[in-house]
Amino acid sequence: MSAAAESMSSCARCGKPANLQCPKCMELKLPREGAAFCSQDCFKASWSSHKSVHQKAKLSSLGTGNPAEQNSASPNEGWLYCLKKGQTRTPKMPYFDWTGTLRPYPISSKRLVPDHIDLPDWAIDGIPKIEPNSDFQHVVEIKTPEQIERMTETCRIAREVLDAAARVIRPGVTTDEIDRVVHEATISAVWQRREDIHLHSIITFSRSLAARRSVNEVICHGIPDARKLEDGDIVNVDVAVYYKGVHSDLNETYFVGEVDESSRQLVQCTYECLEKAISIVKPGVRFREIGEVINRHATMSGLSVGKSYCGHGIGELFHCAPNIPHYATQVGNKAVGVMKAGQTFTIEPMINTGVWRDRMWPDGWTNVTADGKRSAQFEHTLLVTETGVEVLTARLPSSPKMFPWLKA
């Protein structure tokens, strides 16, 4: 890394004063903002996410004369549209009665996981083999201290990976680039731990086995593709990591550039819905109370709560009991049971600007609002303790400052 000749700026990773600059950024004549670092250690720790800036610069220099490809980073590169949960691909955009302005773009090839990493049983085709017939689909598992220790470590990795994704979100970056950052950051995070890597398992889940992305009217499960994020978009990144035989799951919704006031209110309200729900988690509380809290806050803000997807138990199985609906009992929340110390589950409210109803795109994954209006989501993996709750995927002191309402 080169010493910068200009005045000192802030480190792109930790925010400390920095007088070193990425040599590749200097070669590409990129601005110092986001390319300055205080030390070699910060530079190395940021490399897996930082290098996407170089790729973005190269892609932007390609150009295209086809108006249909002006917002795609993959013109004429052989990328294909996804159909039937990735089992089929096509060179032409599928026909669909699109509900909003967003359209699918071609997707890249599936990213490869190194051979030394063990895979969960759903990794190849997305279909779990053990999970459907497990007793823990009906009984809420109480985790052992050893399981909790493994989950804590796995959730820490997931948080670090999501933070890496958040740092590269800006207008002009494709969701496929974000997916690549997640993929590489996940493998890098485990490698840095250097703990008998060949005996441990780590994988992140989606079309590419890395990150789901959901833009604007996408409620959840959007597929990373060649579309460039635009100023004013909102984008959700959902990361799930499998490590040492257990899963973690979390997501956040981010602003892309300057967004309108309606989008700001939507994202902040969704964040608050999750925080208010977490605040009631403790032994003895009914699982259905979570939906009551979320539904109350969302409806008071003039928003609706998605009902097609819910939070879930998590551990050695990715999805298991309990189910955690985010809506109220008067509109169908029939969740049974009460919280007990040692249980782990996710809360992940999906809040819409318009109606709660949704539709599925032809790819078989992307779930969008029925009226084409915007949707936001936040998610944490939680542990019920003897006295309350521990947020296993909580933000770290080093997490990027993405949300204006959290600034002191």
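Residues numbered from 1 in each chain as written. Predicted model: local features only at pLDDT ≥ 70, side-chain atom pairs only at ≥ 80, totals over all residues. Heavy atoms only, no water.

Asks: Quick one: what's the story with the packing of aromatic side chains, residue by residue and with numbers?
Replies: A full pass over the atoms with the stated rule returns 11 aromatic pairs. Ring geometry for F96 versus W98: centroids 5.0 Å apart, planes at 65°, classification edge-to-face. For W98, a relative accessible area of 16% gives the class buried. When the centroid spacing of 5.1 Å and the interplanar angle of 85° are considered together, the rings of W98 and W361 count as edge-to-face. Residue W98 is found in the loop between β7 (88–90) and α4 (145–167), and its partner W361 is found in the loop between β18 (358–360) and β19 (367–369); the two are separated by 263 residues along the sequence. By relative accessible area, which is 5% here, W361 ends up buried. Cluster of aromatic residues (ring-pair linked, three or more members): Y254, F255, Y271, F378, F403 and W405. (Phe/Tyr/Trp six-rings, centres within 6.5 Å; stacked < 30°, edge-to-face > 60°. Buried < 20%, exposed > 50% of the residue type's maximum accessible area, 1.4 Å probe, protein only. Helix = DSSP H or I, 4+ residues; strand = E, 2+ residues; numbered from the N terminus.)

Asks: Describe the sheet that holds strand β13 (residues 304–305), with residues and values.
Replies: In a beta sheet, neighbouring strands pair by backbone hydrogen bonds and run either parallel or antiparallel. Taken in spatial order, the three strands make up an open sheet running β13-β17-β20, and their pairing is antiparallel. Single-partner strands in this sheet number two, and they are β13 and β20 (375–377). Helix-sheet contacts for helix α6 (residues 261–278) involve β17 (350–352) and β20, and the interaxial angle to β20 is about 35°. (Pairing = 2+ DSSP bridges. Contact = heavy atoms within 4.5 Å. Axes fitted to C-alpha atoms, helices over the stretch in contact; angles between N-to-C directions.)

Asks: Outline α6, listing residues and values.
Replies: Look at α6: 26 Å from first C-alpha to last across 18 residues, which is about the 26 Å you get at 1.5 Å a residue. When we look at burial in α6, the residues that qualify are S263, L266, V267, C269, T270, Y271, C273, L274, A277 and I278. (Expected span 1.5 Å × (residues − 1).)

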